[in-house]
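Structure assessment
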Amino acid sequence: MIKAVIPVAGRGTRLLPATKSVPKEMLPLVDRPALFYTVQEAVEAGATEIIFITSRHKPSIEHFFNPDPELESLLEKKGQEKALHEIRKVTSLASYHFIYQEEPLGLGHAVGLAKNLVGQNPFLVLLPDELLLSAPSVSQSLVQSFQKTNQSQTAIMWVSREDTSKYGIIEGEKRGDLFYIHNVVEKPCAEEAPSQWALPGRYLFTPEIFDDLENLSPGRGGEIQLTDAMTKLAQKRGLWGLPTTARRIDTGNPLGYLKAQVEMALQRPELKEPFLKYLSDCQKRHP
Ligand code: UTP
């Protein structure tokens, strides 16, 4: 039994104008919001409680995960069993909590708000705009790997030198299958990056991270950075990197969003064949 924190309070500026009125996490991949896949990953890794750090500008997230008795009775009356089953599945996957981040002060600030609800146990953090495709999922692997160290863990992924400026990058040493982390640098340029091991947005923290998140001054970009707290955690208590070869798609920009759409469509048996045929026809029409 584990809790998962999913921060969704950012403004999603890279997907404007759509995200002016629709949260990026609620943009659909095929027929369910992108955020649903993140919740599913957390639940499959053992999470029974999901803590969303959300914004008052995003009421549709709560609406999606909370029961809607009116809609359910309408579907019952109309005999739409399949749709009824689908929406009940969403509401019964886990218990959901919503904490408001009044201003998007940074990812570190967002995670810190979960302190009281998380309590004294280790917890997962999943960034929903990072789609990580692998079996078992990266969150499942983190939960498994935690048994070995009983210390905080983050997934790490090898990236090209040119891409280090898009991620948190670790400095650490390999110990067995894991990396022992000394330091985490937020979005360093290629020349300053201490390695090419990047953070793809999946973490399993012990609650001590909350002490390191408290009183943190704004870091890079004027935001309260989770990576700054991770450095403190690494230096005081231990933080491990678990390498992953999962395929990563950043769904928070137009090309990434399109790629995620294609991937999720191809995972649906009833859509795969006609959709592939359509894509191949598209390629012929747009050589
Ligand atoms: P991002 O920086 O990728 O998301 O944060 P963003 O700020 O919404 O997107 P852009 O860059 O403006 O397009 C990673 C995750 O952390 C959440 C975001 O909602 C996203 O899921 N986040 C970020 C918060 O919840 N609060 C914050 O203060 C910052």
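Coordinates for the structure precede this section.
This write-up is about the structure you can find in this document. Just so it is clear, the structure is predicted and the values come from calculations on it, not from any experiment. Each chain carries its own residue numbering, running from 1 in the written order of its sequence. Where local features are concerned, this predicted model is filtered to residues with pLDDT of at least 70; where side-chain atom pairs are given and counted, the filter is 80 or more; whole-chain, interface and lining totals use all residues. Only hydrogens and water are set aside when side-chain values are computed; all heavy atoms of the structure are taken into account.

**Concerning the site of the ligand**
Basically, it comes down to this: Definition of nearness: a residue and a molecule or strand are near each other if at least one heavy atom of the residue lies within 4 Å of the molecule or strand. Throughout this description, a polar contact denotes any pair of N or O atoms lying within 3.5 Å of each other; where both atoms belong to protein, one of them has to be capable of donating a hydrogen while the other can accept it, and for residues adjacent in sequence the pair is counted only when both atoms sit in side chains. Note on residue categories: nonpolar means Ala, Val, Leu, Ile, Met, Phe, Trp, Tyr, Cys or Pro, charged means Asp, Glu, Lys or Arg, and polar means any other residue, Gly included.
The environment of the ligand is formed by 18 residues, the closest being Gly10, Thr13, Arg14, Gln101 and Gly106. Between an oxygen atom of the ligand and a side-chain N or O atom of Thr13, the distance comes to 2.5 Å. A distance of 2.7 Å is found between a nitrogen atom of the ligand and a side-chain nitrogen or oxygen belonging to Gln101. When its residues are assigned to classes, the shell around the ligand shows eight nonpolar, five polar and five charged.

**Some details on the packing of aromatic side chains**
Selection criterion: Working definition: a ring pair exists when centres of Phe, Tyr or Trp rings (six-membered ring for Trp) sit within 6.5 Å. Plane angles under 30 degrees give stacked, over 60 give edge-to-face, the rest tilted. Starting at the N terminus, helices and strands are each numbered in turn, a helix being any DSSP run of H or I of at least four residues and a strand any DSSP run of E of at least two. Only protein chains enter the accessibility calculation, which uses a 1.4 Å probe; a residue is then buried when its area is under 20% of its type maximum, exposed when over 50%, and partly exposed in between. Charge-over-ring contacts are defined here by two conditions on Lys NZ or Arg CZ: a distance within 6 Å of the ring centre and an angle within 35 degrees of the ring normal.
Under the criterion given, the structure shown has twelve aromatic pairs. Measuring from ring centre to ring centre gives 5.1 Å for Phe123 and Phe210, while their planes differ by 10°; the resulting arrangement is stacked. With Phe123 in strand S6 (residues 123–126) and Phe210 in helix H8 (residues 209–213), this pair connects stretches of sequence that are 87 residues apart. On the accessibility criterion, Phe123 (0% relative accessible area) is buried. Ring geometry for Trp158 against Trp197: centres 5.2 Å apart, planes inclined by 70°, an arrangement best described as edge-to-face. Of this pair, Trp158 sits in strand S8 (residues 152–158) while Trp197 sits in strand S11 (residues 197–198); the two residues are 39 residues apart in sequence, bridging distant segments of the chain. Overall, the relative accessible area of 51% leaves Trp158 in the exposed class. These aromatic residues form a ring-pair network of at least three members: Phe52, Phe64, Phe65, Tyr96 and Phe98. Across the ring face of Tyr100, the terminal group of Arg56 is positioned such that the distance to the ring centre comes to 4.1 Å.

**Brief notes about unusual backbone geometry**
With an omega of 10°, the peptide bond between Leu16 and Pro17 qualifies as cis. Residue position: Pro17 is located in the loop between strand S1 (2–7) and strand S2 (28–29). With an omega of -5°, the peptide bond running from Ala135 to Pro136 counts as cis. Structurally, the position occupied by Pro136 is in the loop between strand S7 (130–133) and helix H7 (138–149). One non-glycine residue with positive phi stands out, namely Val30, at about 60°. Within the secondary structure, Val30 is located in the loop between S2 and strand S3 (32–33). The exposure class assigned to Val30 is partly exposed, which follows from its relative accessible area of 27%. In this model, Asn150 sits at a positive phi of 55°, which is unusual for a non-glycine residue. Mapped onto the secondary structure, Asn150 falls in the loop between H7 and S8. Relative accessible area serves as the criterion here: at 55%, Asn150 is assigned to the exposed category.

**Here we look at the side chain of Thr38**
The criterion, for reference: Contacts are assigned to residue pairs that have any heavy atoms within 4.5 Å of one another.
By the element assignment, Thr38 lies in helix H1 (residues 34–44). The contacts of Thr38, once residues within four sequence positions are left out, are Ile6, Leu126 and Pro128.

**Things to note about the pattern of salt bridges**
A side chain of one charge can pair with a side chain of the opposite charge when the charged atoms of the two come close. So the rule is basically this: One speaks of a salt bridge when a side-chain nitrogen belonging to Lys or Arg is within 4 Å of a carboxyl oxygen belonging to Asp or Glu.
Counted by the stated rule, this structure contains 25 salt bridges. Among the salt bridges present, the one from Lys24 reaches Asp129, with a minimum N-O distance of 2.8 Å. Taken as a pair, Lys24 in the loop between S1 and S2 and Asp129 in the loop between S6 and S7 lie far apart in primary sequence, 105 residues in all. Asp129 shares its class with Lys24; the two are buried. One continuous salt-bridge network, built from bridges that share partners, spans Arg14, Lys24, Asp129, Glu130, Arg248 and Asp250.

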